[in-house]
Amino acid sequence: MLPDEELLERRQRVLGRNAPLFYERPVHLVKGKGVWVTDADGRDYLDVYNNVPCVGHCHPHVVEAISTQAGILNIHTRYLHETVVRYAERLTATFDASLNSAIFTCSGTESNELALRMARFRTGGEGVIVSDFCYHGNSKMVAELTTCFPVPEAFPAYARKVPVPDPYRDRQGMSDEQLADHFAAKVAEAIASLQAAGIKVAALLIDTLFANEGLPELVPGYAAKAVEIVRKAGGLFICDEVQAGFGRTGDAMWGHQLNGVVPDIVTLGKPMGNGHPLAGVITSSDLVDEFGKVANYFNTFGGNPVSAAAGMAVLDVLEREKLLENARMTGAYVRAGLERLKEKHAIVGNVRGSGLFFGLDLVHDDADRSPATAECKRLINLMRDRGVLISRIGRYDNILKMRPPMVFAKEHADILLSTLDDALQAL
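Conventions adopted
Residues numbered from 1 in each chain as written. Predicted model: local features only at pLDDT ≥ 70, side-chain atom pairs only at ≥ 80, totals over all residues. Heavy atoms only, no water. Pairing = 2+ DSSP bridges. Helix = DSSP H or I, 4+ residues; strand = E, 2+ residues; numbered from the N terminus. Polar contact = N/O pair within 3.5 Å; in protein donor to acceptor, adjacent residues only side chain to side chain. Buried < 20%, exposed > 50% of the residue type's maximum accessible area, 1.4 Å probe, protein only. Lys, Arg positive; Asp, Glu negative; His and termini not counted. Salt bridge = Lys/Arg side-chain N within 4 Å of Asp/Glu carboxyl O. Contact = heavy atoms within 4.5 Å. Arc of directions from axis to C-beta. Axes fitted to C-alpha atoms, helices over the stretch in contact; angles between N-to-C directions. Patch = residues over 30% accessible without salt bridge, like charges linked within 9 Å, V, L, I, M, F, W, Y side chains within 5 Å. Areas by Shrake-Rupley, 256 points an atom, 1.4 Å probe, with all protein chains shown as cover. Domains from an automatic or database assignment. Buried area = accessible area lost by both parts, 1.4 Å probe.

### Thoughts on the sheet that holds strand 14 (residues 388-389)
Next, step 1: One open sheet holds the four strands; their spatial order is 1-2-3-14, and the pairing between them is mixed. Both outer strands of the open sheet, strand 1 (29-33) and strand 14, are each paired with one neighbouring strand and no more.
Next, step 2: Pairing between strand 2 (residues 36-39) and strand 3 (residues 44-47): three bridges, direction antiparallel. Opposite V37, over in strand 3, you have Y45 as the bridge partner.

So, in structure tokens, the structure goes:
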């Protein structure tokens, strides 16, 4: 096994010196199982970050499904294959009846790019509205819309960015209804700005859990009001479910279902194949058919039989192991534990999240809620040193991000909470 220093030097030489790595001392992982990963020295880490292995690292049922199908046939979707069709039927059955067709891709980036193309085709508009702290992928079109970190592409003239409500910082005496109205009005302003420039709106593209924005408490009615404004202007609602989907919230299979609004297009990615590169777009059959007539869209690897087998196996495990129920129950258990840590440690200003997606907003002073950015960075490294992997998110990079595989249970939560307590004390 290569020493970490030598491996890092070789990595930087062939992958570039700015290829991202987590932690001040990168973790050299060699295997994983369930919610655990193991480094090159044989040390185990509790994974409280990765939603890509949605049903757990190397879940045997998913591994077997991939291996079995790979040993039989793997080919693109321009041939008939029963597994591909059955998977599309089973997946779309988890959505509203209006979302009854799937197009498979390999990544969330591809899904969001395709969704924007479809929205522009359907509406005849070009304008796109995103949040002012978002990330939806790496292609040129989607990278241009990135607002949560610098990119070489300029934010385009056809787009507008809007703030989304974070009650912890934005409440200022407003009720939920007033907050919803205040921030929905920002969407109306964005549309008016586009129209003043002669640009018709095509789509609102958001993640209704607002993960990159910092997992703020959801404001009842906000998403529905924003979507209604966009639709009245002739645009569509594209919901990015890459992080919120597949039961992560515990209360619903899809994040948008918590907001009482049905998207026109849904985009899927990361957790869909438990690490196998599988993603997709879910929308109405009439839009798929109309777009297909003019676009002749196909994806060589998207939705191939091995990918479909992986996706089917993920749905199997979600159902058989009752992982939505686990997300709800274990998530509530973690949330209660995090609330106790908030009472104990003054640096914790706010507990946030839903199901198995939760975070802590770290602040210097709860009165002015000034973000504790440096302390947050230090804390994730203290946690890494103690054998628990987490990360950080938010506009000020001060929110601990915890998003474990869905098989995360109470015994794992106890490890997380005790380790976090110790690390907070060490700060």
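### A few points about the environment of N299
Next, step 1: Along the chain, the position of N299 falls in the loop between helix 9 (285-295) and helix 10 (305-320).
Next, step 2: In this structure the C-alpha to C-alpha distance between N299 and V55, which are 244 residues apart in sequence, comes to 26 Å.
Next, step 3: Polar contacts involving the side chain of N299 include one to the side chain of Y297, which spans 3.3 Å.
Next, step 4: Among the polar contacts listed, one links the side chain of N299 to the backbone nitrogen of G302, at a separation of 2.8 Å.

### As for the side chain of D207
Next, step 1: Along the chain, D207 turns up in the loop between strand 7 (201-206) and helix 8 (222-232).
Next, step 2: No salt bridge is formed by the buried D207; the nearest opposite charge belongs to K401, separated by 8.4 Å.
Next, step 3: In terms of polar contacts, D207 uses its side chain to reach the backbone amide nitrogen of L209, at 2.8 Å.
Next, step 4: In this view, D207 contacts H136, D240 and A244; residues no more than four positions away in its chain are not counted.

### So, helix 8
Next, step 1: Considered for burial, the residues of helix 8 that qualify are Y222, A223, A226, V227 and V230. Looking down the long axis of helix 8, one finds its buried residues gathered within 120° of arc, a one-sided arrangement.
Next, step 2: In the core, the buried residues of helix 8 are packed alongside helix 7 (176-196), strand 7 and strand 8 (236-240).
Next, step 3: Remark: G234 follows helix 8 within two positions and exhibits a positive phi of approximately 95°.

### Brief notes about the sheet that holds strand 8
Next, step 1: Pairing within the open sheet is mixed, and its seven strands lie in the order 4-10-9-8-7-5-6. Every interior strand has two partners, whereas the edge strands, strand 4 (101-105) and strand 6 (159-162), have only one. Pairs of neighbouring strands in the sheet enclose a mean axial angle of 20°, with direction left out of account.
Next, step 2: Two elements, strand 5 (residues 127-131) and strand 7, share three bridges in a ladder whose sense is parallel. Bridging from a neighbouring strand, G127 pairs with V201 of strand 7.
Next, step 3: Contacting strand 5, strand 6 and strand 7, helix 7 runs over the sheet at an angle of about 160° to strand 6.

### A short note on a nonpolar patch on the surface
Next, step 1: On the surface, I72, L73, I75 and Y79 cluster together into a nonpolar patch covering about 400 Å² of accessible area.
Next, step 2: In this fold, L73 is placed in the loop between helix 2 (60-70) and helix 3 (82-92).

### What to know about the domain arrangement of the chain
Next, step 1: Each assigned domain of the chain is listed here: domain 1 (4-55 + 322-426) and domain 2 (61-320).
Next, step 2: For domain 1 and domain 2, the distance between their C-alpha centroids amounts to 25 Å.
Next, step 3: Each partner contributes residues to the interface: domain 1 has 36 residues there, and domain 2 has 33 residues.
Next, step 4: In total, domain 1 and domain 2 occlude about 2,800 Å² of area from one another, counting both sides; carbon and sulfur atoms represent 54% of this.
Next, step 5: Where domain 1 meets domain 2, there are three salt bridges.
Next, step 6: Applying the counting rule to domain 1 against domain 2 returns 22 residue pairs in polar contact (both at pLDDT 80 or more).

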